[in-house]
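Close look at the chain arrangement
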Amino acid sequence: MKVAALQMVSGTQRSDNLAMARRLLEQAAAAGAELAVLPEYFCAMGLRDTDKLALRETPGDGVVQAFLARAAQELQMWVVGGTLPMQTGDPARVRNTTLVYAPSGQCAARYDKIHLFRFDNGREHFDESRVIEAGAAPVHFDLTARTGHTWRIGLSVCYDLRFPELYRLYAHAGADLLLVPSAFTHTTGQAHWELLLRARAVENLAYVLAPAQGGVHENGRQTWGHSMLVDPWGQIVNTLAQGPGVVLGDLDTGRVRQVRTQLPAQEHRVL
């Protein structure tokens, strides 16, 4: 199955970001992708954290949800909307939500980011908990490819990547593809992005597809980029350093079977 990680440099205007996302989705569809995944915050990177509040949507109703459903149906592929802000019971907070759309245009899965990023090195300061309410539940879904093979796919977002227990739950549930839409900072991405993605693939003997924000944004923030597909042996199949673009790669059921047969680490777990 051909998959695509879509890299963006999202700005503050939702309409402009959605237009760019549509162009990238069309490129992925034209290249034969059956699954295309957008990065975290693909619909907007605001000037302030609180800008998310004005863009919040309710389940089944909103500009971004309509965009994703329409793209999936018109392009006849699975579309994963990296994250968008979803309403909570607290007017001062949103959920940072990944939505999965089937080619029918129906929403097939929802995952709310569980781990909220906090970082302060004296120069850069981030605290997602100021505006975001954490999710609580891992979510996976099944996708039947054109070949007839069903892929089990685990959902995660950005900072989740640092918590291997989440991915172990997915592996235990039979996941063979892990999605990590992200907006890693340049500082943390340069240090740990590739290392962590490859580690999650190796630990779980699964493919990892990680679309990212990659560049200097309108709000002055710099993101690391390097969207990539990693195979179950930890090898990078394809990557893109910076700027908008499409990272394509093929998932091979034989490759998953091969690595899990030659190194059946999941069966060797003791703790």
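Structure: see above.
One structure accompanies this document, and this report is about it. (Residues numbered from 1 in each chain as written. Predicted model: local features only at pLDDT ≥ 70, side-chain atom pairs only at ≥ 80, totals over all residues. Heavy atoms only, no water.)

1. Concerning the packing of helix 1 (residues 14-30) against helix 3 (residues 63-75)
With their axes 11 Å apart at the nearest point, helix 1 and helix 3 run at an angle of 20° to one another. Judged on the interaxial angle alone, helix 3 and helix 1 are roughly parallel. For the crossing formed where helix 1 meets helix 3, the hand is right-handed. Residues Arg-14, Leu-18, Ala-21, Arg-22, Leu-25, Glu-26 and Ala-29 of helix 1 lie in contact with helix 3, whose contacting residues are Val-63, Val-64, Phe-67, Arg-70, Ala-71, Glu-74 and Leu-75. Within the contact of helix 1 with helix 3, the residues separate by chemical class into nine nonpolar, no polar and five charged. (Axes fitted to C-alpha atoms, helices over the stretch in contact; angles between N-to-C directions. Helix = DSSP H or I, 4+ residues; strand = E, 2+ residues; numbered from the N terminus. Parallel < 35°, antiparallel > 145°, perpendicular 65-115°, else oblique. Left-handed = near helix turned anticlockwise from the far one by under 90°. Contact = heavy atoms within 4.5 Å. Nonpolar A, V, L, I, M, F, W, Y, C, P; charged D, E, K, R; others polar.)

2. A look at unusual backbone geometry
The phi dihedral of Leu-205 is positive, around 50°, even though this residue is not glycine. Taking relative accessible area as the criterion, Leu-205 reaches 1% and is therefore assigned buried. (Buried < 20%, exposed > 50% of the residue type's maximum accessible area, 1.4 Å probe, protein only.)

3. Structural notes on the side chain of Lys-52
You can see Lys-52 is positioned in helix 2 (residues 51-54). Apart from the residues within four sequence positions on either side, Lys-52 is in contact with Tyr-41, Pro-85, Val-94, Val-131 and Ile-132.

4. Details of the sheet that holds strand 16 (residues 245-250)
Spatial ordering of the open sheet is given by 5-4-3-2-1-16, a layout of six strands whose pairing is mixed. The sheet terminates laterally at strand 5 (107-112) and strand 16, the two strands that pair on one side only. Strand-to-strand twist across the sheet, computed as the mean angle between neighbouring axes with direction ignored, equals 25°. Sheet topology note: the strand 1 (residues 2-7)/strand 16 ladder contains six bridges and is antiparallel. From the neighbouring strand, Val-3 faces strand 16, where its bridge partner is Gly-249. Each of strand 1, strand 2 (35-37), strand 3 (78-87) and strand 16 is contacted by helix 1, which is oriented at about 160° to strand 1, the strand it contacts most. Sheet strands in contact with helix 3 are strand 3 and strand 4 (94-101), and its direction is about 170° off that of strand 3. (Pairing = 2+ DSSP bridges.)

5. Re the layout of surface pockets
Of the pockets and cavities examined, the largest pocket occupies roughly 400 Å³. Around the largest pocket, the lining is made up of 27 residues, and of these Tyr-41, Asp-49, Lys-52, Phe-126 and Arg-221 lie nearest the centre. If one sorts the elements of the lining of the largest pocket by residue count, strand 7 (residues 125-127) sits on top with three residues. Taken together, the residues that form the lining of the largest pocket break down as 12 nonpolar, five polar and 10 charged. (1 Å grid on protein atoms, 1.4 Å probe; cavity = no way out; pocket = protein on both sides within 12 Å on 5 of 7 lines; lining within 4 Å. Points joined across faces, edges and corners; volume = space filled by probe spheres on them.)

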